[in-house]
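Descriptive analysis of the structure
This is what each chain is made of:
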Amino acid sequence: MAKARTQFVCQNCGTVHARWVGKCEGCGEWNTIVEDDPTAGIGGGPGRTPKKGRPVALTALSGEIEEAPRIPTGIAELDRATGGGFVRGSALLIGGDPGIGKSTLLMQAAAALSRLGSRVIYVSGEEAVAQVRLRAQRLHAADTNVLLAAETNVEDILATLSEGKRPDLVIIDSIQTLWSDLAESAPGTVTQVRVGVQAMIRFAKQTGATVVLVGHVTKDGQIAGPRVVEHMVDAVLYFEGDRGHHYRILRTVKNRFGPTDEIGVFEMSDKGLREVSNPSELFLGERNAKAPGAAVFAGMEGTRPILVEIQALVAPSPLGTPRRAVVGWDSARLSMILAVLEAHCGVRLAQHDVYLNVAGGYRVSEPAADMAVAAALVSSLAGLALPADCVYFGEISLSGAVRPVAHTAQRLKEAEKLGFQRAVLPSASAEIPASRQAGLTEIEALADLVVKIAG
Ligand code: TYD
Ligand code: MG
């Protein structure tokens, strides 16, 4: 008889450890390790004969392969992020910080789909039906046929769902409140969350309903985060934003049925989330073009160009080790740009505190932002404001070369649409009419160029 094993699982990332440790080796979080039963909720086992799941030759699957059938919500920004609507029979995870607006977004999506004739069930484990109704009222969704249920036990939820007509869309808010009779650990632990999510995914595959699972991003280890189920679902979207700002970004990080680089942009208002179809206008809205240290980056998110202001502040440091603070960009990348500026342009920032901020709380992940960051740094150090009608993009290599980036034409078109006249960009991409643009091959030229065009 095998000895009953226990294992120790990180509640943040799901890494399994053989013994309890204070710090997770997987994600580096402290105090997130909890003892867990590895066998709970695992079916199959000895004595099973294969019935389903027999291998089939790929060539035997001939005939027309259809596109995955989708249900578009009509909320364009949401449909864009999901790749054209919810796919039938799929499970989708929407993660985000508590209070960011996940329930609001899903109630709006539920109402929109219900108006289009879909059968939608909203299962809330966090709020009572009356509370959900109150929110629906605020969102002008209370007159729709969305069905509400307040339930946390997976078996009860599945029993409820099997009553009546099959639903098209089931929303589970949230996975952290799910618990199953099959697992013994407390609700919110990795085992409970996994077992619950597994059951819901099975329901989606069997019935063809779309299941949307809400997962709170958790900072402490008491509750399992959405990352522990990311690998199980078909699509993972994160709802991001800064509490100090009104807009929210729905970012796709995994999608078995569509692209993963698309984002949906929303603005939180007193009547719920409003779609933002032109994000550049929003991000540049509060811009003060006359201040030194601000450069407009012409970026891309998936197929959509987005213009955003990069702000830098450089000041002589009173400290032995100067401060480096970055919001909205990669701090390792900033260190690299500082080193390249020092080595190739003679821009000395070793004795300066450097602060870098992407305006509006937006997060940039493209290397193409290098040039805008470098321009903002040089502009702040020189105390010269950059021209208000100029955008910057291009990747900078350690050798000081300025590398071309994709989608030059689209970036320039968006900039032009918003009234920008000039661009500083990699010269290799200057197949574009170059009347009012400055193409660069070497970063060396940037400092002079900034002083020239700003001065
Ligand atoms: P909620 O959807 O409950 O967040 P989550 O489900 O991600 O935890 O939204 C929380 C915040 O949104 C809350 O602080 C209030 C704000 N809000 C509005 O500003 N306008 C609205 O119409 C609604 C419904 C919420
Ligand atoms: Mg909520």
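Residues numbered from 1 in each chain as written. Chains lettered and ligands numbered in written order. Predicted model: local features only at pLDDT ≥ 70, side-chain atom pairs only at ≥ 80, totals over all residues.

- Under an unreviewed UniProt entry, the name given to the protein is DNA repair protein RadA, and the source organism is Georhizobium profundi.
- In UniProt, the protein has this text filed under Sequence similarities (unreviewed entry): "Belongs to the RecA family. RadA subfamily." (UniProt positions renumbered as here; feature names shortened; annotations may be inferred.)

Focus: the overall build of the protein
- Assigned secondary structure in the protein consists of 10 helices and 23 strands.
- Overall size of the protein, expressed as C-alpha extent along the three principal axes, is 75 × 55 × 50 Å.
- Buried positions account for 44% of the 455 residues belonging to the protein.
- Of all intrachain contacts in the protein linking residues separated by at least 6 positions in sequence, the fraction that spans at least 24 positions is 68%. (Helix = DSSP H or I, 4+ residues; strand = E, 2+ residues; numbered from the N terminus. Buried ≥ 20, exposed ≤ 12 C-beta atoms within 10 Å, placed from the backbone. Contact = placed C-beta atoms within 7 Å.)

Here we look at the sheet that holds strand β14 (residues 272–275)
- Strand order in the open sheet formed by 9 strands is β8-β7-β9-β10-β6-β11-β12-β13-β14, with mixed pairing between adjacent strands. Edge positions in the sheet fall to β8 (147–150) and β14, since each has one partner strand and no second. Going from strand to strand, the sheet's axes swing by 25° on average, the running direction of each strand aside.
- The sheet contacts of helix α3 (residues 129–138) involve β7 (120–124), β8 and β14, and relative to β8 the element is tilted by about 145°. (Pairing = 2+ DSSP bridges. Axes fitted to C-alpha atoms, helices over the stretch in contact; angles between N-to-C directions.)

Examining the UniProt feature "binding site: ATP" (unreviewed entry) in the protein
- The sites that carry the UniProt feature "binding site: ATP" (unreviewed entry) are, in the present numbering, Gly96, Asp97, Pro98, Gly99, Ile100, Gly101, Lys102 and Ser103.
- Residues in contact with Gly96, not counting those within four places in the same chain, are Lys102, Val217, Tyr238, Phe239 and Glu240.
- Here Gly101 is to be found in the loop between β6 (91–96) and α2 (102–115).
- Look at Gly101 and you get partly exposed, because 18 C-beta atoms sit within 10 Å.
- Apart from residues lying up to four places away in sequence, Gly101 is in contact with Phe239, Arg248, Met268 and Leu273.

A word on helix α9 (residues 408–417)
- Turning to α9, its buried residues number three or more, namely Thr408, Arg411, Leu412, Glu414 and Ala415. Summarising the axial view, the buried residues of α9 lie within an arc of 160°, below the 170-degree limit, and thus occupy one face. Residues of α9 that are exposed and angled more than 90 degrees away from the buried face: Ala409 and Glu416.
- At the C-terminal side of α9, Gly419 shows a positive phi close to 90°. (Arc of directions from axis to C-beta.)

Some remarks on the sheet that holds strand β2 (residues 16–17)
- Strands sit in the order β2-β1-β3 across an open sheet of 3 strands; the sheet is antiparallel. Pairing within the sheet leaves two strands with one partner each, and these edge strands are β2 and β3 (33–36).
- Alignment of strand β1 (residues 7–10) against β2, held across 2 bridges, turns out to be antiparallel. Residue pairing in the sheet places Phe8 in a bridge with His17 of β2.

Considerations on unusual backbone geometry
- Of note, the amide linkage connecting Asp173 to Ser174 takes the cis form, showing an omega dihedral of 10°.
- The topology assignment puts Ser174 in the loop between β9 (169–173) and α5 (190–207).
- Positive phi, normally seen in glycine, also occurs at Asn31, with a value near 55°.
- Inspection of the secondary structure assignment puts Asn31 in the loop between β2 and β3.

Overview of the site of ligand 1
- Close to ligand 1 lie 15 residues, the nearest being Gly101, Lys102, Ser103, Thr104 and Gly272.
- Residue assignment for the shell around ligand 1 shows that the elements contributing at least two residues are α2 and α3.
- A per-element tally of the shell around ligand 1 places α2 first, with 3 residues.
- Split into classes, the residues belonging to the shell around ligand 1 amount to 4 nonpolar, 6 polar and 5 charged. (Near = placed C-beta within 6 Å. Nonpolar A, V, L, I, M, F, W, Y, C, P; charged D, E, K, R; others polar.)

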